[in-house]
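As a plain string of letters, each chain reads:
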Amino acid sequence: MRAYVVSLLKAWWGDAATEDNDFRFDYLPRLTGSHSTYETALAQIDGACKGYFLMGENPAVGSANAKVQRLGMANLEWLVVRDFSLIESATWWKDGPEIETGEMRTEDVGTEVFFFPAAAHTEKSGSFTNTNRTLQWHHAAVEPDGDARSDLWFMYHLGRIIRERLAGSTDERDRPVLDLTWDYPVEGPLDEPSAEAVLAEINGYGPDGAHLSTYDQLKDDGSTSCGCWIYCGVHADGVNQAARRKPGSEQDWIAAEWAWSWPSNRRVLYNRASADPDGEPWSERKALVWWDGERGRWTGHDVPDFKADKAPSYTPPHGARGPDAIAGNDPFILQADGKGWLFAPAGLVDGPMPTHYEPQDSPFDNPLYGHSRNPARQVFSREHNRFHPSGSDPGADVYPYVVTTYRLTEHFTAGGMSRWSPYLAELQPEFFCEVSPELAAERDLEHGGWATIVTARNAVEARVMVTDRMAPLRVQGRTLHQIGLPYHWGPNGYTTGDAANELSAIALDPNVHIQEVKALTADIRPGRRPRGPGLPGLVRAYRRRAGIDQDTGLEV
């Protein structure tokens, strides 16, 4: 770890990072608590967060409890939005839902909003990294149109301007900025920073200035630099390995010369598991790596995911640490014992064994034991983030149905790109809800008509799609109806509609703090939602009926 960290600090601060000053570890900002997107939004409401950069995200419709996101942004001093179009996070201050309801007035919003048009991937060079860990390079096809610029251009020139403003400063707090290695070459009519030069910095350099080939070369003495150890080797021999395009017909099925995979161009992690304890492939057809006894090293189609000269018979000596503590027949090197785990004995906040918890808002009690919800979950009780009674709690029947959210093939995430495409807008022209014929009959919903879906956070309207896809469920002896909601809509674009995330609450899992938006309770009623002050009035009326207060839903 020290080799990785020291090399990273050298990549950031270059000659200013020396052994005598601990390689400028003191320049790193210290953590002051959790700064997840949701806690940041709450910090904005509380006045603790004053400024915000949004680059490629649209929390005004794309994050759980979109209203909290907008109220947070309304309490900022400044907001920078970089995107392809005027997404909802750039325009909420003049045409957002709270403007219509009267809960917010444009003239009262003190946030100064800066919108910077962003370049698309066809207008900039860089890499795509997929879930197979493969970096594939793409070259800019055209220059960005108008004032649009790449993220790299924006960050580089913002840093350049700040450094110019601070030049000559003797204030110690400015040194981390002034000492940065910020000398990337620029090219073309827009002075676009070279993306490949950045890739080379990420790859890293050795003591002689040569490009490194593998993270095994990283040193802890300051003689190497590397912007990210897992990508070390992507620019080996000074060649952009991510840009390789050798046809599949000219290589084997591993396709090791098509682009580059981290780390070290390994295409299959834990590939030691493809061979038996003696190092022979379990299956010749599926062989990845095997032990070559004559050469005393592993060979095969893939790059071994462990030390290549570690024999299958290797047994760790007493007191061994790190990779040396993993035996030659243990393939799972990212675990301290090299074994495959069926459960996690360490690292989880809520215990080692998987179990069942009900969602934060649920129509049922937990059938396994007394704790309905995860006791370690993160919940935030706020006026605009109220939770529902659940299970057998009084008032749970006010929100008797389950909402599940999902994606559509024709749209992408919150729709900031796809809702502005006329072709995709024509394919999916309106926000809709899917309900079963049984639920439609129960609530007088008409196919193609309107429905209003209500939670304790907000209410939305959607076109009704009656379909057998949303089959009623039999749970704990009674029928449960589901409401399906795609989450791609918002008020801007060629196709507009309410956002499904108006309905969801901020309730997070305790380990990686992911929002719970796939399952929540709600009510559905025929017709369109109220306009103006009637909308928050409807939400409050439901809360009163359910007896919701600041403590509802906080119990386990």
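Along each chain, numbering runs from 1 in the same order as the chain's sequence is written. Whole-chain, interface and lining totals are the exception, using all residues; otherwise, since this is a predicted model, local features are given only for residues with pLDDT of at least 70 and side-chain atom pairs are given and counted only at 80 or more. To obtain the side-chain values, all non-hydrogen atoms of the structure were used and water was disregarded.

Quick look at the environment of Ser-85 now. Each helix corresponds to a stretch of at least 4 residues labelled H or I by DSSP, and each strand to a stretch of at least 2 residues labelled E; elements are numbered beginning at the N terminus. Of note, Ser-85 is situated in the loop between β2 (78-83) and α5 (88-95). In this structure Ser-85 comes out as buried when scored by relative accessible area, which is 12%. Expressed as a C-alpha distance, the spacing of Ser-85 and Asn-492, which sit 407 residues apart in the sequence, is 9.3 Å. Setting aside chain neighbours within four positions, we find Ser-85 in contact with Phe-115, Gly-416 and Trp-420. Contacts described as polar in this section are N or O atom pairs within 3.5 Å, which, within protein, must combine one atom able to donate a hydrogen with one able to accept it, while residues neighboring in sequence count only if both atoms come from side chains. Among the polar contacts made by the side chain of Ser-85, one reaches the side chain of Trp-420 at a distance of 3.1 Å. Only protein chains enter the calculation, and the probe is 1.4 Å; a residue is then buried if its accessible area is under 20% of its type maximum, exposed if over 50%, and partly exposed in between. In this analysis, two residues are considered to be in contact whenever any of their non-hydrogen atoms come within 4.5 Å of each other.

Between the rings of Phe, Tyr and Trp (Trp by its six-membered ring), a pair exists once the centres lie within 6.5 Å; its type follows the angle of the planes, with under 30 degrees stacked, over 60 edge-to-face, and the other angles tilted. Throughout the structure, instances matching the rule amount to 20 aromatic pairs. Ring centres 4.5 Å apart and planes at 5 degrees place the aromatic pair Tyr-4 and Trp-229 in the stacked group. Of this pair, Tyr-4 sits in helix α1 (residues 2-13) while Trp-229 sits in the loop between α9 (195-203) and β8 (260-261), and the two are 225 residues apart along the sequence. Residue Trp-229 is classed as partly exposed on the basis of its relative accessible area, which comes to 33%. Centre to centre, the rings of Tyr-156 and Trp-182 are 6.2 Å apart; their planes meet at 10 degrees, and the pair counts as stacked. Here Tyr-156, found in helix α7 (residues 151-166), pairs with Trp-182, found in the loop between α8 (175-178) and β6 (186-187); they are 26 residues apart in sequence, far enough to count as distant. Counting every residue linked through ring pairs, the aromatic cluster contains Phe-53, Trp-78, Phe-116 and Phe-154.

Bear in mind that the domain bounds are from an automatic or database domain assignment. According to the domain assignment, the protein consists of domain 1 (269-359) and domain 2 (378-546). If you look at the interface, domain 1 gives five residues, while domain 2 gives four residues. Summed over both partners, the accessible surface that disappears when two parts come together, traced with a 1.4 Å probe, is what is meant by buried area. Surface buried jointly by domain 1 and domain 2 totals about 380 Å² across both partners, of which 53% is contributed by carbon and sulfur atoms. Salt bridges, as used here, are contacts in which a Lys or Arg side-chain nitrogen is within 4 Å of a carboxyl oxygen on Asp or Glu. On the surface where domain 1 and domain 2 come into contact, there are zero salt bridges. For the interface between domain 1 and domain 2, the tally reads two residue pairs in polar contact (both at pLDDT 80 or more).

The full count for this structure, using the stated rule, is 27 salt bridges. One salt bridge in this structure joins Asp-179 and Arg-175, with 2.7 Å as the shortest N-O distance. Taking the shortest distance from any N to any O, the salt bridge between Arg-528 and Glu-461 comes out at 2.8 Å. Linking Arg-528 in the loop between β20 (520-526) and α12 (534-546) with Glu-461 in strand β15 (residues 459-466), this pair joins segments that are 67 residues apart in sequence. Take Glu-461: its relative accessible area is 6%, and that puts it in the buried class. Taken together, the shared-partner salt bridges in this structure form one network comprising Arg-70, Glu-98 and Glu-502.

Here we take up the sheet that holds strand β1 (residues 51-55). The sheet built from three strands is open, its strands ordered β1-β2-β3 with parallel pairing. Every other strand in the sheet has two partners, leaving β1 and β3 (112-117) as the edge strands with one partner each. Along the sheet, successive strands turn relative to each other by an average axial angle of 10 degrees, direction set aside. The pairing of β1 with β2 spans five bridges and is classified as parallel. The residue bridging Gly-51 from the neighbouring strand is Trp-78, located in β2. When DSSP finds two or more bridges between a pair of strands, those strands are recorded as paired. To define axes, lines are fitted to C-alpha atoms, for helices over the stretch in contact only, and angles between the resulting N-to-C directions are given on a 0 to 180 degree scale.

Let us now look at a nonpolar patch on the surface. Exposure above 30% relative accessible area and the lack of any salt bridge qualify a residue for a patch; like charges then connect within 9 Å, and the nonpolar side chains Val, Leu, Ile, Met, Phe, Trp and Tyr within 5 Å. Computed with a 1.4 Å probe, the accessible areas rest on the Shrake-Rupley method; for each residue, only the protein chains presented here act as cover. A grouping of Phe-53, Trp-78, Phe-114 and Phe-116 is seen on the molecular surface, where their side chains present a nonpolar patch of about 330 Å² in accessible area. Structurally, Phe-116 can be placed in strand β3.

Turning our attention to α12. How far a helix is expected to stretch is found by multiplying one less than its residue total by 1.5 Å. When the terminal C-alpha atoms of α12 are compared, their 19 Å separation across 13 residues agrees well with the 18 Å that a helix rising 1.5 Å per residue should span. Of the residues making up α12, those classed as buried are Leu-535, Pro-536, Leu-538, Val-539, Tyr-542, Arg-543 and Ala-546. For α12, the angular spread of buried residues about the axis comes to 155 degrees, placing them on one side. Turned more than 90 degrees away from the buried face of α12 sit Arg-544 and Arg-545, all of them exposed. Of the surrounding secondary structure, the elements contacted by the buried residues of α12 are α6 (97-101), β14 (450-454), β15 and β20. Directly after α12, the chain includes Gly-547, whose backbone phi takes a positive value near 70 degrees. The arc in question is the one spanned by the directions pointing from the helix axis to the C-beta atoms.

Attention shifts here to a negative patch on the surface. There is a patch of like negative charges on the surface, built from Glu-19, Asp-20, Asp-22, Asp-220 and Asp-221. By secondary structure assignment, the location of Asp-221 is in the loop between α9 and β8. The partly exposed category is assigned to Asp-221, whose relative accessible area is 44%. Counted charges follow a simple rule, with Lys and Arg positive, Asp and Glu negative, and His plus the chain ends left uncounted. In plain terms, the charge of a residue is placed at NZ if it is Lys, CZ if Arg, CG if Asp and CD if Glu.

Here we take up the side chain of Arg-386. Within the secondary structure layout, Arg-386 lies in the loop between β11 (378-379) and β12 (401-406). By relative accessible area, Arg-386 is classed as buried at 11%. At 3.0 Å, the side chain of Arg-386 and the backbone oxygen of Arg-382 are in polar contact. If near-sequence neighbours (up to four positions away) are discounted, Arg-386 is found in contact with Ser-381, Ala-456, Arg-457, Arg-543, Ile-548, Asp-549 and Gln-550.

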